[in-house]
Amino acid sequence: MKKILYSLFLFGAILSLAACQSKESTAKAELFDSIAPNPFIKHMYTADPSAHVWDDGRLYVYASHDNAPPRGCDFMDKYHVFSTDDMINWTDHGQILEAKDVPWGGVLPNGGTFMWAPDCAYKDGKYYFYFPHPSGPEWNNSWKIGIAVSDKPATGFVCLDHWLIGLPDQGEIDPCVFVDDDGQAYFYYGGGGKSYGAKLKDNMIELDGELQLMEGLVDFHEATWIHKKDGVYYLSYSDNHDDNWNDGVKGDNRMRYATSNNPLGPWEHKGIYMEPTNSYTNHGSIVEYKGQWFSFYHSSDLSEKNGEFNDWLRSVCVDKLYYNEDGTIQMVKQTR
Ligand code: FUB
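An account of the accompanying structure is given in this report. (Residues numbered from 1 in each chain as written. Predicted model: local features only at pLDDT ≥ 70, side-chain atom pairs only at ≥ 80, totals over all residues. Heavy atoms only, no water.)

### Points about the pattern of salt bridges
Turning to step 1, where the next piece is worked out: One pass over the structure, following the stated rule, counts 16 salt bridges.
Turning to step 2, where the next piece is worked out: Between K229 and D230 there is a salt bridge whose closest N-O contact spans 2.9 Å.
Turning to step 3, where the next piece is worked out: Since its relative accessible area comes to 67%, D230 is described here as exposed.
Turning to step 4, where the next piece is worked out: Among the ionic pairs, K270 bridges to E268, the shortest N-O distance being 3.5 Å.
Turning to step 5, where the next piece is worked out: Through salt bridges with shared partners, one network takes in E98, K100 and D101. (Salt bridge = Lys/Arg side-chain N within 4 Å of Asp/Glu carboxyl O. Buried < 20%, exposed > 50% of the residue type's maximum accessible area, 1.4 Å probe, protein only.)

### Focus: the site of the ligand
Turning to step 1, where the next piece is worked out: Residues in close proximity to the ligand include D48, M76, W116, A117, D174, E222, T281, H283, H298 and R314, which together make up its full environment.
Turning to step 2, where the next piece is worked out: Contact distances for the ligand include 2.6 Å between an oxygen atom and a side-chain N or O atom of D48.
Turning to step 3, where the next piece is worked out: H283 places a side-chain nitrogen or oxygen 2.7 Å from an oxygen atom of the ligand.
Turning to step 4, where the next piece is worked out: Of the residues that constitute the shell around the ligand, the class distribution is three nonpolar, three polar and four charged. (Near = heavy atom within 4 Å. Polar contact = N/O pair within 3.5 Å; in protein donor to acceptor, adjacent residues only side chain to side chain. Nonpolar A, V, L, I, M, F, W, Y, C, P; charged D, E, K, R; others polar.)

### Looking at the sheet that holds strand β15 (residues 255-260)
Turning to step 1, where the next piece is worked out: Here we have four strands laid out as an open sheet, ordered β13-β14-β15-β16, and antiparallel in their pairing. What marks the edges here is a single partner per strand, and that holds for β13 (220-229) and β16 (268-274). Strand after strand, the sheet turns through a mean of 25° between neighbouring axes, direction not considered.
Turning to step 2, where the next piece is worked out: Where β15 meets β16, five bridges bridge the pair, whose relative direction is antiparallel. What sits directly across from T259, in β16, is E268. (Pairing = 2+ DSSP bridges. Helix = DSSP H or I, 4+ residues; strand = E, 2+ residues; numbered from the N terminus. Axes fitted to C-alpha atoms, helices over the stretch in contact; angles between N-to-C directions.)

### What about the packing of aromatic side chains?
Turning to step 1, where the next piece is worked out: Summed over the entire model, instances satisfying the criterion amount to 29 aromatic pairs.
Turning to step 2, where the next piece is worked out: Their ring planes at 85° and their centres at 5.9 Å tell us that W139 and W143 sit as a pair that is edge-to-face.
Turning to step 3, where the next piece is worked out: Judged by its relative accessible area of 29%, W139 is partly exposed.
Turning to step 4, where the next piece is worked out: Residue class for W143 comes out buried when judged on its relative accessible area of 2%.
Turning to step 5, where the next piece is worked out: Relative to Y196, the ring of Y189 lies with its centre 5.5 Å away and its plane at 20°, an arrangement referred to as stacked.
Turning to step 6, where the next piece is worked out: A residue is classified by how much of its surface remains accessible, and Y189, at 0% relative accessible area, is buried.
Turning to step 7, where the next piece is worked out: Joined through ring pairs, the aromatic side chains of Y62, Y79, W104, F129, F131, F157 and W163 make up one cluster.
Turning to step 8, where the next piece is worked out: Its guanidinium or amino end placed over the ring of W163, K144 lies 4.5 Å from that ring's centre, counting from NZ or CZ.
Turning to step 9, where the next piece is worked out: Lying across the ring of Y323, K229 places its NZ or CZ 4.5 Å from the centre. (Phe/Tyr/Trp six-rings, centres within 6.5 Å; stacked < 30°, edge-to-face > 60°. Lys NZ or Arg CZ within 6 Å of the ring centre and 35° of its normal.)

Quick look at the structure:
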């Protein structure tokens, strides 16, 4: 009798475990069955999305802002933060920082503000917002990486009168900060055809050692982004592809990636994971949210007029990203 009761109990337990598991996977599938259509921010032009999931369980996107009418990327003057907890409903938390709040910022003769692609990192109760900005009238020779700090993810950022790096002539744009599982933070930047990285000190506002060239990247243009999956480091970036190449590929910059077992490389180039959008540039981030990987990028869809797209009126987009069993990334399908 005891044996029968025990078997019944075991059978019941297995049944309820199976029911729980299938409920969980249905919930996951239902949650991301549909995501907001691209571009997912439509009330303003946005570019260069850096996506992070913070401890409050929300996914945040730190983006730069294109102004209409555009003049190249000269008049990008502020940053906004957006967040979601379901990939459908996005909240605009408003402006996080603008050019006039940068104490060391340069006044450019043409009025250009050049607040280019940013990133944000979290450490020990504080959020650090990193952004590239020129510090003098010769904008392309005076880039610095500035830092604004807050104890909240989307508001209260105060710009420091201090910059992380400021080396003339080195194309210091597109900062990216990656905090490893052991709490060690790494800083990267990437412009002018090269990507560099170094350890950050615990204070998050100083480098800990020399910047090193990221070796092994193929056709690097800009937009370094680091993420880690199953112990492997991934460095993704945009390449130099140009529509005028006449190589049968329509469109401009593509997204590529490389992997390493060390956050500072050397890297092994793995290939392209996103074909060009309808914008000249692309700038991406890759992040896991509630068990699904996502690829953030920008396109010019929102600026479409009579079939023409403006390269400098861009909008942030997101699509699901999938890995193969061997850790390589499948080509991302851009949904419109
Ligand atoms: O948005 C301005 C610049 O264009 C960014 O810094 C680059 O990554 C490219 O998207």
